[in-house]
Protein chains: 2
Amino acid sequence: MSNGHEKKTRLRDPERTRKRLLQAAFREVHRSGFQNAGINTILEATNVTKGALYHHFDSKEALGYAVVDEIVTKIVRDGWLSPLLGSGQPIDILIGIVRRISVRPDDIRTGCPLLNLATEMSPVDEQFRKRLERIFLAWQEGVAALLRRGQSEGTVRCDLNPEESASFLVAMVEGYASLAKNAQDAQVWEVGIRNIVGWLRSLRAPRQSPKGGRPMSKKHVVRRAR
Amino acid sequence: MSNGHEKKTRLRDPERTRKRLLQAAFREVHRSGFQNAGINTILEATNVTKGALYHHFDSKEALGYAVVDEIVTKIVRDGWLSPLLGSGQPIDILIGIVRRISVRPDDIRTGCPLLNLATEMSPVDEQFRKRLERIFLAWQEGVAALLRRGQSEGTVRCDLNPEESASFLVAMVEGYASLAKNAQDAQVWEVGIRNIVGWLRSLRAPRQSPKGGRPMSKKHVVRRAR
DNA sequence: CATTTGACATACCGACCAGTATGTACGTTA
DNA sequence: TAACGTACATACTGGTCGGTATGTCAAATG
């Protein structure tokens, strides 16, 4: 009579309730920051009661940690880590990813959730900090791995340090996102994208001219070592 | 009998009281963010009473605005705008400024006050946003003006857009500051500095070799226009 | 000297907030 | 069907918050 997943999922669907709470919590935290996020706001947005929320999460902190672990992590995975694994020339992949970052006014307005949380919580709550750091490191490592692949394939300059170039990229993306958020202006972001893309192009290995090209030695490329 | 500025400044020195409130408010806001900053914390830090505070400032917001206008503005002026006006080669000046940015653990930990406030308040309070934007724009314009000077003197590549290069620099500085703050690690910041300095060096005009140097055309330099 | 005004001090208020105590109803299991 | 644990719902608490009403006292002003 009752197959596993009926639409009787109206009442008593704990997994669904939990996910809805997480989503609403993410939105509220993204809007107001974690410390300023209101439990009641989340409850009103979901039509869930306080008892239900505290049944699923031990505390506001636990809810916040779950938002980082499950929602923010997924956003970075979908937006960066997964695309990084695609086939094609590494630099082209990176340019494609950067260009595909949302320019919707509301996303410009509220900014990068990872950066927002890190800015607010890293100095204050070590558990938050560690979780966010793991995401940042995974992001950088993913980019670095792709650059290394490009180096071994000969499409990326071999005189650069993949890890440092990766963090350079992350810093630029977050820096421009901050400027655009403050200006509340998508154009600021678009200018940033153009400059980031220009920098990414400079990472390409110089064309192997048949007669033996010169090394083009002096340009800025985040070199290896000190 | 009473020269203007005696040391009787113990009781009833409204200007001093005001400045002390502003300083304490800045510290508290820097630590906790504006919305989470506690009025009582500021009062305890200054041994000033609530009545005194609300005599000098109409509201918490007014206090916050004053902090931005008087303290944060001064920090950027002292750290960037004034040094930008010095004599010497523009790129050397910029490198000197960037290198002189604090690496004290506590400053890494709490991050850039301008960026913190912008991240927290820009989407939420237009008055805050505008004040912070003015500071960002003054910062960028100061750098751009210096780059233009360098171009006219021939020490800075003339094929770059000064405004875009300036915002590129600001974005990188703030981006790395964010990464270092999340990592709570001054080394992250120092690596960032090295890379920023490397990029700054790439903005120098190529040496005018006596026989007519080649233009070194392909490196990334935030070019003019689109 | 009398009065007023600026610079505080104290006590208090209502709103809001995270968290909890307690109750209830569904659904599975024995 | 009886019992029990999960999944909620409601009402409440203690504490903190920004803000205010009111009072005091010193110094300038007439």
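Residues numbered from 1 in each chain as written. Chains lettered and ligands numbered in written order. Predicted model: local features only at pLDDT ≥ 70, side-chain atom pairs only at ≥ 80, totals over all residues. Heavy atoms only, no water.

This part is about unusual backbone geometry. Positive phi, normally seen in glycine, also occurs at A:Gln184, with a value near 50 degrees. Mapping A:Gln184 onto the fold places it in the loop between helix H9 (162-183) and helix H10 (186-201). (Helix = DSSP H or I, 4+ residues; strand = E, 2+ residues; numbered from the N terminus.)

The subject of this paragraph is the relation of the copies chain B and chain A. In screw terms, the move from chain B to chain A is a rotation of 180 degrees and a rise of 0.0 Å along the axis, fitting with an RMSD of 0.0 Å. In symmetry terms, the pair is related by a two-fold rotation axis. For chain B, the minimum C-alpha distance to the rotation axis belongs to B:Gly175 and amounts to 2.0 Å. Taken together, the interface assignments show that 98% of the residues at the interface of chain B recur at the interface of chain A, consistent with an identical surface on both copies. (Least-squares fit on C-alpha atoms with pLDDT ≥ 70 in both. Contact = heavy atoms within 4.5 Å.)

So, on to the environment of A:Leu146. All names here are of chain A. With respect to the helices, strands and loops of the structure, Leu146 is situated in helix H8 (residues 126-153). In this structure Leu146 comes out as buried when scored by relative accessible area, which is 4%. Distance in space between the C-alpha atoms of Leu146 and Gln89 is 9.2 Å, their sequence separation being 57 residues. Beyond its immediate sequence surroundings of up to four residues, Leu146 is in contact with Leu84, Pro90, Ile93 and Leu94. (Buried < 20%, exposed > 50% of the residue type's maximum accessible area, 1.4 Å probe, protein only.)

All names here are of chain B. Mapped onto the elements of the fold, Asn161 is located in the loop between helix H8 (126-153) and helix H9 (162-183). At 2.9 Å, the side chain of Asn161 forms a polar contact with the backbone nitrogen of Glu163. Within the structure, the side chain of Asn161 is placed 3.1 Å from the backbone nitrogen of Glu164, a separation counted as a polar contact. (Polar contact = N/O pair within 3.5 Å; in protein donor to acceptor, adjacent residues only side chain to side chain.)

Next up on the list: the protein's contact with DNA strand C. The immediate surroundings of DNA strand C are formed by 19 residues, with A:Ala37, A:Tyr54, A:Lys60, B:Arg12 and B:Thr49 found nearest. Across the atoms of DNA strand C situated within 4 Å of the protein, the share located in sugar and phosphate is 54%. The side chain of B:Thr17 places a nitrogen or oxygen atom 3.3 Å from a phosphate oxygen of DNA strand C. Every element with two or more residues in the surface near DNA strand C is listed here: helix H2 (39-46), helix H3 (50-56) and helix H4 (60-84) of chain A together with helix H1 (14-32) and helix H3 (50-56) of chain B. Considering each element in turn, the surface near DNA strand C owes the most residues, five residues, to H3(B). Of the residues belonging to the surface near DNA strand C, the class tally is five nonpolar, eight polar and six charged. (Near = heavy atom within 4 Å. Nonpolar A, V, L, I, M, F, W, Y, C, P; charged D, E, K, R; others polar.)

To continue, consider the confidence of the model for chain A. This prediction gives chain A a mean pLDDT of 90; 87% of its residues lie at or above 70. Below a pLDDT of 50 lies the segment residues 1-9 of chain A, which in the model reaches one contact outside its immediate sequence neighbourhood of four places, other chains included. (pLDDT = per-residue confidence, 0-100.)

Under the criterion given, the structure shown has 24 salt bridges over all chains. A:Asp107 serves as the salt-bridge partner of A:Arg104, at 2.9 Å between the closest nitrogen and oxygen. On the basis of relative accessibility, which here comes to 25%, the residue A:Asp107 falls in the partly exposed class. The residue B:Glu133 makes a salt bridge to B:Arg129 at a minimum N-O spacing of 2.5 Å. Of the two residues, B:Glu133 and B:Arg129 both sit in helix H8, four residues apart, roughly one turn of that helix. Residues joined by salt bridges that share partners form a network here, namely A:Glu126, A:Arg129 and A:Glu133. (Salt bridge = Lys/Arg side-chain N within 4 Å of Asp/Glu carboxyl O.)

Moving on, we come to empty space enclosed by the protein. On inspection of all chains with the given rule, the structure shows six cavities of 30 Å³ or more. Empty space within the largest cavity amounts to approximately 360 Å³. In this structure, the largest cavity is lined by 27 residues; those nearest its centre are A:Asn116, A:Thr119, A:Glu120, B:Asn116 and B:Glu120. Per-element tally for the lining of the largest cavity: the top contributor is helix H1 (residues 14-32) of chain A, with four residues. (1 Å grid on protein atoms, 1.4 Å probe; cavity = no way out; pocket = protein on both sides within 12 Å on 5 of 7 lines; lining within 4 Å. Points joined across faces, edges and corners; volume = space filled by probe spheres on them.)

A word on the interface of chain B and chain A. By a frequent convention, interface size equals the accessible area lost on bringing the separate parts together. Opposite the 46 residues of chain B that make contact, chain A presents 46 residues. Of the roughly 3900 Å² buried between chain B and chain A on both sides combined, carbon and sulfur atoms contribute 57%. Along the contact surface separating chain B from chain A lie two salt bridges. As a salt-bridge pair, B:Glu164 and A:Arg194 come within 2.8 Å of each other at their nearest N and O atoms. Inspection of the region where chain B meets chain A yields 16 residue pairs in polar contact (both at pLDDT 80 or more). Broken down by secondary-structure element, the contributors of at least two residues to the side of chain B that touches chain A are H1, helix H7 (113-121), H8, H9 and helix H10 (186-201) of chain B. Examining the composition of the side of chain B that touches chain A, we find that 13 residues originate from one element, H9(B), more than from any other. Residue classes in the side of chain B that touches chain A are distributed as 18 nonpolar, 17 polar and 11 charged. (Buried area = accessible area lost by both parts, 1.4 Å probe.)

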